[in-house]
Amino acid sequence: RRLLYVHPGANAQLTKEIRKTKVQVSLSDRVQQSRWLHLSSFTSTAERLLQEALVGSLEQHQILSITPGSIYCALGADRLFNLFRRANVIFIYEHQLDQILMRSSAQYTAESSLPEKLRKFYAWRSGRGCDEPLLMAIKRPSSLTSGDFREYLSIGAGRSELEEISGPDAGSHRRDVIDSTGAGDALAAGTIAGLMRGLSLSECCNLAFVMALSASSGLGARPHLPTKDQLVGRWHHYLPDVPLPAQLGSHG
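Bear in mind that the values here come from a model prediction, so they are computed numbers and not experimental data.

Undergrad: Kindly report on helix α3 (residues 45-56), identifying the contributing residues and their values.
TA: Helix length check: α3, at 12 residues, gives a terminal C-alpha distance of 16 Å against a target of 16 Å (1.5 Å per residue), a fit within 8%. When α3 is considered as a whole, its buried residues turn out to be Glu47, Arg48, Leu50, Gln51, Glu52, Leu54 and Val55.

Undergrad: How would you sum up the pattern of salt bridges? Please name residues and give values.
TA: Any two side chains of opposite charge can pair, so long as their charged atoms come close to each other. Summed over all chains, the structure comprises seven salt bridges. Between Glu17 and Lys20 there is a salt bridge whose closest N-O contact spans 3.4 Å. Linking Glu17 with Lys20, this pair stays in helix α1 (residues 10-20), spanning three residues, or about one helical turn. Residue classification places Lys20 among the exposed positions, given a relative accessible area of 63%. For Arg86, the salt bridge identified is with Glu132, shortest N-O distance 3.8 Å. With Arg86 in the loop between α5 (81-84) and β3 (89-93) and Glu132 in the loop between α7 (114-126) and β4 (134-139), the pair connects residues that are 46 residues apart, well separated along the chain. Accessibility classification places Arg86 together with Glu132 in one group, the buried group.

Undergrad: Describe the sheet that holds β4, with residues and values.
TA: Strand order in the open sheet made by the six strands is β1-β2-β3-β4-β5-β6, with mixed pairing throughout. The open sheet is flanked by β1 (36-40) and β6 (162-166), the only strands paired with a single partner. Neighbouring strand axes in the sheet, compared pairwise and without regard to direction, differ in orientation by 15° on average. Two strands pair when backbone bridges link them, and β4 and strand β5 (residues 153-158) are joined in this way by six bridges, in the antiparallel orientation. Residue pairing across strands places Leu134 opposite Gly158, the latter belonging to β5. Set on the sheet, helix α6 (residues 94-102) makes contact with β3 and β4; between it and β3 the angle comes to about 105°.

Cut-offs and rules
- Residues numbered from 1 in each chain as written.
- Predicted model: local features only at pLDDT ≥ 70, side-chain atom pairs only at ≥ 80, totals over all residues.
- Heavy atoms only, no water.
- Helix = DSSP H or I, 4+ residues; strand = E, 2+ residues; numbered from the N terminus.
- Expected span 1.5 Å × (residues − 1).
- Buried < 20%, exposed > 50% of the residue type's maximum accessible area, 1.4 Å probe, protein only.
- Salt bridge = Lys/Arg side-chain N within 4 Å of Asp/Glu carboxyl O.
- Pairing = 2+ DSSP bridges.
- Axes fitted to C-alpha atoms, helices over the stretch in contact; angles between N-to-C directions.
- Contact = heavy atoms within 4.5 Å.

This is the structure we're talking about:
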């Protein structure tokens, strides 16, 4: 297992400098030129407010994805509304989803099933006037190393309510997991890559699963991530009974 210690400093100072100078205008311009903006969490309120300002400048056609992490999830859904109302993709652990729902105005009980939790989140968001298309990738860390691998990832999609939920076609047989460091980031990268290539929801789940297992197949977060040329082989290794999407062919 791993333990992370966060020592705020550089990012807080950078935020101050951005706000004091014209860099924020330049940063907003770069954000407006992007097709996809991805955000993760920071430690201070100033950094989160800067993110909210950047999110507020996004156009309708731009996509926003967020990995709130434990720091932001501790704030609860209501305090993260300015980010969540515009989010199109959210990557979150199931216990973090519990946390943001419990610390919000959503009517929530911890005994709810995962589909019920997702419905609660969509209802909370819809009740505040949000109708952006939203995909939620829910991770379960314990299932990466034991149990049924099909339970490792669930992806829900909808607008004002949960319309579809899917998981990887992983089968129930065990996979060798050496080090799960970076598996969540690899999962997010696989999901985003799948969406940008026009894969279906179930195909995005499968690609995310392949990326997470690849990252976990050796020590370190990045050394075992596949290149484009390696991806086809990894897919067939981890999902031998699942056809490879045409968009992920050797030249994809």
